[in-house]
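Residues per chain, in single letters:
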Amino acid sequence: MALQATSSFAVHREVSLKDSSLFGVPLSTHLKVDFTSRKEFNQRGALKTQAVATTTPAANIASTDGKKTLRKGTVIITGASSGLGLATAKALAETGKWHIIMACRDFLKAERAAKSSGISKENYTVMHLDLSSFDSVRQFVGNFKQSGRPLDVLVCNAAVYLPTAKEPTFTADGFELSVGTNHLGHFLLARLLLDDLKQSDYPSKRLIIVGSITGNTNTLAGNVPPKANLGDMRGLAGGLNGLNSSSMIDGGDFDGAKAYKDSKVCNMLMMQEFHRRFHEETGITFASLYPGCIATTGLFREHIPLFRLLFPPFQKYITKGYVSEDESGKRLAQVVSDPSLTKSGVYWSWNNNSASFENQLSEEASDVAKARKVWEISEKLVRLA
Ligand code: NDP
Ligand code: PMR
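Source: prediction; values computed, not measured. (Residues numbered from 1 in each chain as written. Chains lettered and ligands numbered in written order. Predicted model: local features only at pLDDT ≥ 70, side-chain atom pairs only at ≥ 80, totals over all residues. Heavy atoms only, no water.)

**Notes on the overall build of the protein chain**
Going by this rule: Every helix listed is a DSSP run of H or I at least four residues long, and every strand listed is a run of E at least two residues long, numbered separately from the N terminus. Think of it in three bands: with a 1.4 Å probe and only protein chains considered, a residue is buried below 20% of the maximum accessible area for its type, exposed above 50%, and partly exposed in between.
Per the secondary structure count, the protein chain includes 9 helices and 14 strands. In the protein chain, which comprises 385 residues, the share counted as buried stands at 55%.

**Quick word on the site of ligand 1**
For the record, the criterion: Distances are taken per atom, and a residue is near a molecule or strand as soon as one of its heavy atoms is within 4 Å of it. The definition of a polar contact used here is a pair of N or O atoms within 3.5 Å, where within protein one atom must be able to donate a hydrogen and the other to accept one, and adjacent residues in sequence count solely through side-chain atom pairs. Basically, the charged four are Asp, Glu, Lys and Arg, the nonpolar ten are Ala, Val, Leu, Ile, Met, Phe, Trp, Tyr, Cys and Pro, and anything else, Gly included, counts as polar.
Taken together, 32 residues form the shell around ligand 1, and within it Ser81, Lys109, Asn157, Tyr260 and Thr297 come nearest. Ser81 is positioned such that a nitrogen or oxygen atom in its side chain is 2.7 Å from an oxygen atom of ligand 1. The set of elements that each furnish at least two residues to the shell around ligand 1 consists of helix H1 (83-95) and helix H6 (256-282). Across the shell around ligand 1, the residue classes tally to 14 nonpolar, 12 polar and 6 charged.

**Section: the packing of helix H4 (residues 177-199) against H6**
Put simply, the test is: To obtain an axis, a line is fitted to C-alpha atoms, over the contacting stretch when the element is a helix, and the angle between two such axes runs from 0 to 180 degrees between their N-to-C directions. Note that the term roughly parallel is reserved for angles under 35 degrees, roughly antiparallel for angles over 145, roughly perpendicular for angles of 65 to 115, and oblique for everything else. Definitions for this section: a left-handed crossing has its near helix turned counterclockwise from the far helix by less than a right angle. A right-handed crossing has that turn clockwise. Contacts: residue pairs with any heavy atoms within 4.5 Å of one another.
Between H4 and H6, the least distance of the axes is 8 Å, while the angle of their chain directions is 15°. By the angle between their axes, H4 is roughly parallel relative to H6. Here the hand of the crossing between H4 and H6 comes out right-handed. Of H6, the residues touching H4 (which contributes Ser178, Val179, Asn182, His183, Phe187, Ala190, Arg191, Leu194 and Lys198) are Gly256, Ala259, Tyr260, Ser263, Cys266, Asn267, Met270, Phe274, Phe278, Glu281 and Thr282. Residue classes in the contact of H4 with H6 are distributed as 10 nonpolar, 7 polar and 3 charged.

**Comments concerning the sheet that holds strand S7 (residues 73-78)**
Convention followed: Note on pairing: two strands pair once DSSP finds at least 2 bridges between them.
Here 8 strands make up an open sheet; going across it, the order is S9-S8-S7-S10-S11-S12-S13-S14 and the pairing mixed. Of all the strands in the sheet, just strand S9 (124-128) and strand S14 (356-358) have a single pairing partner and so form its edges. This sheet shows a mean twist of 25° between the axes of neighbouring strands, independent of strand direction. Of the pairings in the sheet, the one linking strand S12 (residues 285-289) to strand S13 (residues 346-350) comprises 3 bridges and is parallel in character. Of the residues in S13, the one forming a bridge with Ser288 is Tyr347.

**Thoughts on the environment of Thr95**
Within the secondary structure, Thr95 sits in helix H1. The exposure class of Thr95 is partly exposed, given its relative accessible area of 43%. The sequence separation of Thr95 and Asp338 amounts to 243 residues, and the corresponding C-alpha distance is 12 Å.

**A look at the nonpolar core**
Side chains that are nonpolar tend, in soluble globular proteins, to be buried together. What counts is decided by this rule: Each nonpolar core is a collection of buried residues, namely Ala, Val, Leu, Ile, Met, Phe, Trp, Tyr and Cys, held together in the definition by side-chain atoms within 4.5 Å.
Core analysis: the biggest nonpolar cluster contains 63 residues, and Ile76, Phe140, Leu154, Leu189, Leu193, Leu207 and Phe274 have the highest contact counts within it. If you list the elements that add at least two residues to this core, you get strand S8 (98-104), helix H3 (134-147), strand S10 (153-156), H4, strand S11 (206-210), H6, helix H7 (305-319) and helix H9 (368-381). Non-local contacts of Leu154, meaning those with residues more than four positions away in its chain, are made with Ile76, Leu189, Ala190, Leu193, Leu197, Arg206, Leu207 and Ile208. Of all hydrophobic cores here, the second largest spans 37 residues; its members include Met102, Cys104, Tyr202 and Ile294.

**Some words on the side chain of Thr171**
Mapped onto the fold, Thr171 is located in the loop between S10 and H4. Ignoring any residue separated from it by four or fewer positions in sequence, one finds Thr171 in contact with Ser132, Glu176, Leu177, Gly180 and Thr181.

Here it is as structure tokens:
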């Protein structure tokens, strides 16, 4: 078998919702391969790899009439098998101007998702990436590099959210799963692909890390307990392994919802630290965003059924923070390709008329010293330092 909002509710003061509960939930609580490593499955199901040599095309290609046209951009989107990532892949594919590398942990799910979204074959390639394993991240990067494709935009989008977990679970390398996947996996990926982005001759090269309102305590949503708080990062420095260190960044007891929000703070801090370290030298645009509350996605798969039933109408009719998957995909697609969104170091949000604006991050999510510290500790954890 050959396999080839937003927040019109944003408030700039602390709101205590410690004792609230909602919906009975206590609030405190792969390979279409046109690249390098051409992978096929042999009859026994094992992967074979053949090298296929390709050259990097220049950004501007002279057409037959002598006019220069822009080549297709290449964008890697992690977690493009559902939700925001898939909707973004669809929106970009529809323009005909992008080739999307769907970097996903489940090849068949991604292929099916691409097909059922109507993304045409020539516009995407599914490549295997499991962010909860550093080996997988390195293998993905190796495969991508061998493909000979340029890298114009990288979108760090994939995430897990484990709000009902009583005990922590861990990545292949022994880090608490939410921070290990959402932050550390993406941190390693982005660091390993930075040179490829740097080498791109595309008019605007970008590294986008998806953030969220719930990691920002300068908003009402960010004040729903448990609140994000990295503390002095003793748990992160200890390796988040739950053995000789806490599984939580701040050293506290495990709380899945907080671990997710903390991971989003790390995502937003890392976008800014990349900007400070590399924007001037490389010309890469670093950006984050809150796409709106996409209450119907797979992100909430681990939540209790009642929450999944009531969360969409609650966001639609009460907070009015709800956004459809299609609309969120258009928003992220803008951050990927809109010529007016080239400013670096920005956290984008959209108002109720779906107009983008530069949003303000919370004090912690914009703390320069914390960003440096998260960077330095994370470098050690992913074994880059
Ligand atoms: P989904 O669950 O629909 O999408 C998450 C994606 O991440 C899936 O494709 C999933 O793969 C993938 N993923 C999870 N773990 C891994 C892993 N170990 N390796 C590779 N891929 C993995 O959720 P959303 O679309 O809602 O979330 C996308 C982003 O949007 C996240 O960063 C989230 O924090 C952010 N966000 C979401 C909001 C919302 O309201 N939904 C609001 C604000 C931000 P698989 O399909 O195999 O499970
Ligand atoms: Mg929240 C003011 C508006 C607002 C917005 C825009 C969101 C977004 N939420 C808001 C308000 C509230 N929420 C209020 C007032 C409550 C308490 C009644 C509330 C509760 C709540 C819960 C229990 N909200 C949640 C949860 C989740 O489990 C979600 C979460 O925190 O995931 C980490 C969530 C979210 N609310 C949002 C958004 C965007 C989320 C989910 C996702 C995310 O940050 O990725």
